[in-house]
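# Coordinates in review
Here's the letter readout for the chains.
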Amino acid sequence: MFSLRATMFHPGEKVNAKRKFLVSRGIRHLTCGFISMFASGVAWAQTASDGIARTQNPFHPHSSSAHLIQQLSFFTLAITGAIFAVVAGLWLYVVIKYRQHGSNEQMEEPPQIYGSTQIELAWTVIPILIVVVLFLTVARILFALQDQPVPQNALHVDVVGHQYWWEFRYPSYGFITANELHIPLGEPAGTVTTGLKLLSADVDHSFWVPSLYGKVDTVPNKENDIVLDPTQTGVYEGQCAQFCGTAHAQMLLRVYVQTPEEFAAWAKRQQDTAIEDPAVAQGRQVFETQSCVSCHTIRGTAAHGRFGPDLTHLMSRDTIASGLISNTPENLKRWIEDPEAIKPGALMPAMQLSGDQIDQMVTYLATLK
Amino acid sequence: MSAVPVPVIAQAPSESWPLPDRGVVGMFAVIVAESTIFLIFVVAYVYNIGRSVSGPTPREVLDLPIFNSICLLSSSFTIWLAERALKKGAMRTFIGWWALTAALGAIFLVGTGLEWHKLIYKDGLTISTNLFGTTFYSLVGLHASHVIVGLVMLSLVLAFALAGKVGQEHRQRIEVLGLYWHFVDMVWVVVFTVVYIIGR
Amino acid sequence: MADSTLPIDGPVGGTIGVPHEVEDVPTWGERLHEWVTTVDHKKLGLMYIGYGLLFLLVGGIEALLIRLQLFFPNNHFISSVVFNRLFTMHGTTMVFMVGMTIIIGFANYLVPLMIGARDMAFPRLNAFSFWMTALGGLFLYYSFIGGVGLQGAGSAPDFTWWGYAPLTERAFSRGHTADYWALALIVQGFGTIGAAVNIIATTFSMRCKGMTLFRMPLLVWLNLVVAGMILTTISPLTAAQIMLTIDRYLGGHFFDSQAGGSPLLWFHFFWIFGHPEVYVLVLPAFAIANEVIPTFSRKAIFGYPAMVAASVGIGFISVSVWAHHMFTVGMKPASNAFFVLSTELVGVPTAIKIFNWIATMWGGRIRFTTSMLFATAFVAQFLLAGLTGIMLSVAPWNWQLHGTYFVVAHFHYVLVGAIVFCIFSGLYYWYPKMTGKLLDERLGKWHFWLFLIGFHMTFDLMHIPGLLGMPRWIYTYQPGHGWEIWNQLVGVGAVFQAVAMLVFVYNLVHSYLKGTDAGPDPWDAWTLEWFTPSPPPAYNFATEPVVRSRRPLWDIKHPEDPDWKYE
């Protein structure tokens, strides 16, 4: 299985050579104490019951971009933390120092002071200076992130948000998969390997894998582009981050970052048409004669639907129902029997098949490696 | 029971204390709000120019409503003349100009009605045909509904004036109504520019 | 306390005799008739506030149900459909039915009193505005029983209070959910715009003699700015909702992506309303603090002109920041940078305000009544809310924080930590004026501390699941992300807040029936409303007051050292 370090901020970690402008060392030192305090608060064991180490935590960055964002966040935290300490300190001092002792009556009014132009100017100018510093830092990183060039040989994937699942099209390879995005690790690690084109088939969704990049919406009639530059192999979890309807909470996704060799092997397998196994012809016939085919595609069969996920290599995926449950024959059976029971609001209808039909179909689907 | 001193603080300054008329202030506030609503519809119109996936297009079906526009814009002038007459106390002149204003507004509405009739029955453009239809009828219709409201108020004043119930003491109220009417005319300039010039 | 506490020998310039003849006790029917038909700004103000408090309880119950559902991962106490309806209704209710109505209620009640006027400029428009607002809320809530009925939670809207198109279009929201939502907000929007027109006309045209613009209490100034902002922020929402209704009923295509329309247009329209809306809600909260903090610090507000300038500045800057809600929709870096800058610049006038409040307390003699406790806590909480706002303005980091519980915590810090705290502060401060009775201070302290603990437990801790990557709007979540414990603590905090609210409601009723008489000026304050009896008569002032400074009552109480010498 994949092992993930529970990485927190490592000031010395090599990110990407061309991003040396980041945040100066001085500020890093300044922020260190604050950060380690903060980091201990957000660090969390991420091993779930299925034994897969995974992370959906923006403070566990595993890409150059996510590292950059994290460093910017620490810089911001340092500035805002300092402001808070000063102003809240003043507030506390005033509240304690000037509270009234004794009863209201027979007390003289304190001296009335109406204001002071110098003081007002001072506390107008200082915030403006802080804003300028913060803005310039943000703007540099903003442009650096959004204007990252995509290398010639990069992988291009079209990500299409659907109510309530993710479609991943690999145009240069000619196959389509769902909910589990596979991308290669760069050489060296941390370079851009993948360009994503984010699209939507129906309503607004948001593609978010915190360890790799911030969220970017998929908006109908609009194309958004981002790049991925992972620093480490592993499984990174994410989920739809823009409310998209009833089953929005269960529109999960995963990104598998693999070594280039692993990725090439995976992609090669995905390009094949579906396995034809005469032993499961009955199940295949059930599938092809039911309305399954109007929504799902299995390349090499009569099924060409585009409304639901491509099932050509269904069993190469670890999960079904868009990351919700693990992909086992039992779960497949439960899912086909009554999707609503597992994922309320899912658009896949219960097909009202007999027990035999479901068994045959699951046996068939289980061969789609 | 308690008697409370009235806050006469120091000696009352004897100078006068002029404040703007609340009707005028209120109408300006209404105009700001209305302008924002129109602005949003105008933005929606401009943003969607050329985005319709099917016809008819503005160039195919829209004719310049020149006569209509002249009527509506000149009504701004006649209402100003009416107000001036009222200020002078010339009631007959006032009623004359006022009636002309209402008539010009009515002509504009009839003109819009004829245009829409042609668009719907001859060109087959309804509000649900395409994006152009949706934005066109919404924007022009929003303006026309303001003309209708103005026309209702103009007619009411006209009826009162004919009954002899409008006098110089109503000058400020008439002025407020005049402000609204000028606003409706100004909006037409924008709508005309956007729909018939930029959008065509 | 019944008599005036003002240091004045006998009445100056006449008296207001409080009419106290033996009257027929009105029947319930007559009372109801009187309240329904009233055009008195004070009665309408009270109705606004009462209506808002009622919906605060309703929205609060929705929040409790939401917290209950999120208490455990994979919880199935509430179904996803009902959960989506609950958070949509919670958001819509709290912003429109609670926030807007209570702040307009305060403005209605106080603005005429503070500028020495007898009523608003347009009393009947005022009544019309209130009833439009009220009907909007009832209409929205009718959606729970409309459609399929209570069991399926009716047709209540279920697409978040942003109502992002095209989810609200017919293709994705069948039935009448979006119709109730859009129509309710259109109806209420007209009411709100009417109220704003009224406040503007009142402040410009109804001021008493000597009340120049720069002698108006800051509360009036801020409400003037807010009214101006309402004109330019509620209108876009109204326009967008009209478009949505055209789409849904007439087959239009404004936001129909299939026909070439663009959801982006909705995003922009909504946030052109949505962001200034935050300031529309928070400036009146500042306004309350601007009155409470000086009174209980026994000092004039520090830097009055700077406070006015900062408020007007916020008003202007805040209309240019809307797209910081849209950093994730894929704008060009230059646009993103612009909205980063404008958003961070809003921090400047807000900082000025915080500094001025602290400077007002500096060197004062602070009396920690319940009202002042709420106002003091507000200052610190608003500081924190502002700082998390700065964090969210950092666009790249915003891509990680947007749509998570960090944002939810941030804006609840503003809406509860600032606005609700100030509303409580204002209620403890002006309740004596409104009813003639003081709110019980002992119960008030219970209310304050319980609410403070609950607030911090809920909303401080709510930042953490957000930082850990927990999105908002999810009705359930998978275990193993480290979110469970925080959701549970947040839920417990919500219970504290609920208990505090019960104490508050009990205090309102108890003090009304058995409270101490307040007298006209229980806090020894300086603005004109304290010059009327409590509660003020329908005509407010028997003779129109004349003022010479920002603190007319200070001038009376300190004839040896009046303010007008320094202004």
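Residues numbered from 1 in each chain as written. Chains lettered and ligands numbered in written order. Predicted model: local features only at pLDDT ≥ 70, side-chain atom pairs only at ≥ 80, totals over all residues.

## Remarks on the overall build of chain A
The helix and strand tally for chain A stands at 8 helices and 12 strands. Put simply, 69% of the contacts in chain A that link residues at least 6 apart link residues at least 24 apart. (Helix = DSSP H or I, 4+ residues; strand = E, 2+ residues; numbered from the N terminus. Contact = placed C-beta atoms within 7 Å.)

## Brief notes about the environment of B:Thr135
Residue position: B:Thr135 is located in helix H5 (residues 131-162). Taking the C-alpha atoms as reference points, B:Thr135 and B:Val42, separated by 93 residues in sequence, lie 8.6 Å from one another.

## Looking at the sheet that holds strand E10 (residues 252-258) of chain A
All names here are of chain A. Read from one edge of the open sheet, 3 strands run E4-E10-E9, paired in mixed fashion. The two strands at the open ends of the sheet, each matched to only one other strand, are strand E4 (180-184) and strand E9 (234-239). The average angle at which neighbouring strand axes cross in this sheet is 25°, direction not considered. The pairing of E4 with E10 spans 5 bridges and is classified as parallel. Across the sheet, the residue bridging to His 182 is Tyr 256, located in E10. Relative to the sheet, helix H4 (residues 260-271) contacts E4 and E10, its axis offset from that of E4 by approximately 130°. (Pairing = 2+ DSSP bridges. Axes fitted to C-alpha atoms, helices over the stretch in contact; angles between N-to-C directions.)

## Description of the sheet that holds strand E5 (residues 194-200) of chain A
All names here are of chain A. In space, the 5 strands of this open sheet follow the order E3-E2-E1-E5-E8, with mixed pairing throughout. Since the sheet does not close on itself, it has two edges, and those belong to strand E3 (175-178) and strand E8 (224-228), each with one partner. With direction set aside, neighbouring strand axes in the sheet form an average angle of 25°. Bridge count between E5 and E8: 5 bridges; the pairing is antiparallel. Directly across from Lys 197, in E8, lies its bridge partner Asp 225.

## Digging into the confidence of the model for chain A
Averaged over all residues, the pLDDT of chain A is 85; the fraction at 70 or higher stands at 84%. The low-confidence segment residues 1-52 of chain A, where pLDDT is below 50, has 70 contacts with residues more than four positions distant or belonging to other chains. (pLDDT = per-residue confidence, 0-100.)

## What about the environment of B:Pro65?
All names here are of chain B. Its place among the elements puts Pro 65 in the loop between helix H2 (58-61) and helix H3 (66-88). Overall, the presence of 20 C-beta atoms within 10 Å leaves Pro 65 in the buried class. Spatially, the C-alpha atoms of Pro 65 and Ile 197 are 11 Å apart, while their sequence positions differ by 132 residues. Among all residues touching Pro 65, those that are not within four sequence positions of it are Gly 111 and Glu 115. (Buried ≥ 20, exposed ≤ 12 C-beta atoms within 10 Å, placed from the backbone.)

## Observations regarding the packing of helix H2 (residues 41-70) of chain C against helix H14 (residues 484-514) of chain C
All names here are of chain C. Between H2 and H14, the least distance of the axes is 9 Å, while the angle of their chain directions is 155°. Compared by their axis directions, H2 and H14 come out roughly antiparallel. Seen from above, H2 lies across H14 with left-handed handedness. Facing Leu 57, Gly 60, Ala 63, Leu 64, Arg 67, Leu 68 and Leu 70 of H2, the residues of H14 in contact are Asn 487, Val 490, Gly 491, Ala 494, Ala 498 and Met 501. Here the residues of the contact of H2 with H14 sort into 9 nonpolar, 3 polar and 1 charged. (Parallel < 35°, antiparallel > 145°, perpendicular 65-115°, else oblique. Left-handed = near helix turned anticlockwise from the far one by under 90°. Nonpolar A, V, L, I, M, F, W, Y, C, P; charged D, E, K, R; others polar.)

## Considerations on the environment of C:Pro236
Here C:Pro236 lies in helix H6 (residues 218-250). The exposure class assigned to C:Pro236 is buried, which follows from the 25 C-beta atoms found within 10 Å. Residues C:Pro236 and C:Gly105, spaced 131 residues apart in sequence, show a C-alpha to C-alpha distance of 23 Å. If we skip the residues at most four places from it in the chain, C:Pro236 touches B:Thr36, B:Ile40, C:Phe269, C:Ile272 and C:Phe273.

## A few points about the interface of chain A and chain C
If you look at the interface, chain A gives 76 residues, while chain C gives 76 residues. Elements represented by at least two residues in the side of chain A that touches chain C include exactly helix H1 (25-42), helix H2 (64-97), helix H3 (117-146) and strand E7 (213-218) of chain A. If one sorts the elements of the side of chain A that touches chain C by residue count, H3(A) sits on top with 15 residues. Here the side of chain A that touches chain C is composed, by residue class, of 44 nonpolar, 23 polar and 9 charged.

## Details of the confidence of the model for chain B
Residue and element names in this part refer to chain B. On average, chain B scores 90 in pLDDT, and the residues at 70 or more come to 92%. Mean pLDDT per element in chain B: strand E1 (residues 3-5) is the minimum at 46, and helix H1 (residues 22-47) is the maximum at 96. Low pLDDT (under 50) marks residues 1-11, which in the prediction has 48 contacts with non-local residues, meaning those over four places away or in another chain. Scored by ipTM, the complex comes to 0.91, with pTM at 0.91.

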